[in-house]
Each structure stands twice: as C-alpha cells, then as structure tokens.
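# Topology and contacts: notes
Chain residues, written in single-letter form:
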Amino acid sequence: MFGAAEIEAMLRATGGVQVVAGAETTWGHYEIVDEALYDTAQVIGAAETVLIATGRITTPAVGSLITVAGTTYTVREARREDDGALLRIWLGRVS
C-alpha cells in the first residue's frame, strides 16, 4: 500500500494538476465523471471532479472554495474511494 506522499507523486507524474484549498496545496487529477442517482443507478449527467490523495490537504467543507488548475470552484461533495487512500471532490462552477 502506498502512503499519501507517494500517491500524490504518482498523480503529479501522470498529468496531475495543482489543487489549492485555503493555504494547502496538493496535486490531483481533474476528471469529468458520470453522475448517477444511487437509488435507480440512472446516469443524470456529467460532473467535474478532482481526485487527490487522502490526507494531503484537510478535507474541504461543502460550499468552500477550491482551486483546480487555476480555476476556482465550490466543493459540492467529497468522498473517499477504493481503500480510502483517494479522495474524490465534486466541483461546482463559481458564477
């Protein structure tokens, strides 16, 4: 199992983008994923997300600002994935 620092280095080396939340900075993958209704498994559209190593920044609160690759978003949701080593953050466009 890899630690957070190793995962962050792998994300950065494989096309990662800079992610800034408050005074904390890390690297992650910006991705557009299908968004589904869980009770029906029906895909309802695409969602902008960023995938980072868990623990490299404090998990941002829903509604807080986060900057991904120079673009500022609001945090819609944050969930751990796989074995908990990765954190996927759902992004909302700032108007």
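You'll find the structure just up there.
Residues numbered from 1 in each chain as written. Predicted model: local features only at pLDDT ≥ 70, side-chain atom pairs only at ≥ 80, totals over all residues. Heavy atoms only, no water.

## Concerning the overall build of the protein
Formally: To qualify as a helix, a DSSP run of H or I must reach at least 4 residues; to qualify as a strand, a run of E must reach at least 2; elements of each kind are numbered from the N terminus. Only C-alpha atoms enter the radius of gyration; for comparison, a globular chain is expected to reach 2.2 Å times N to the power 0.38, where N is the number of residues. Contact between two residues is taken to exist if any of their heavy atoms lie within 4.5 Å; hydrogens are not considered. Working definition of accessibility: Shrake-Rupley area with a 1.4 Å probe, residue cover restricted to the visible protein chains.
Broken down by element type, the protein carries one helix and six strands. The order of α-helices and β-strands along the protein, N terminus first, is α-β-β-β-β-β-β. The C-alpha radius of gyration computed for the protein amounts to 13 Å, which stays within 12% of the reference 12 Å derived for 95 residues, consistent with globular compactness. Across its three principal axes, the protein shows a C-alpha extent of roughly 35 × 35 × 25 Å. Taking contacts inside the protein between residues at least 6 apart in sequence as the whole, the part at least 24 apart equals 43%. Of the accessible surface of the protein, which amounts to about 5500 Å², a share of 53% is contributed by carbon and sulfur atoms.

## A few points about the pattern of salt bridges
The cut-off we apply is this: The salt bridge criterion pairs a side-chain nitrogen of Lys or Arg with a carboxyl oxygen of Asp or Glu, the two atoms within 4 Å.
In total, this model carries five salt bridges according to the counting rule given. Arginine 88 is the partner of glutamate 31 in a salt bridge, and the nearest nitrogen-oxygen pair spans 2.7 Å. Taken together, the positions of glutamate 31 in strand β2 (residues 24–37) and arginine 88 in strand β6 (residues 86–93) put the pair 57 residues apart, joining distant regions of the chain. For glutamate 81, the salt bridge identified is with arginine 88, shortest N-O distance 2.5 Å.

Honestly, it's all geometry; don't read function into it.
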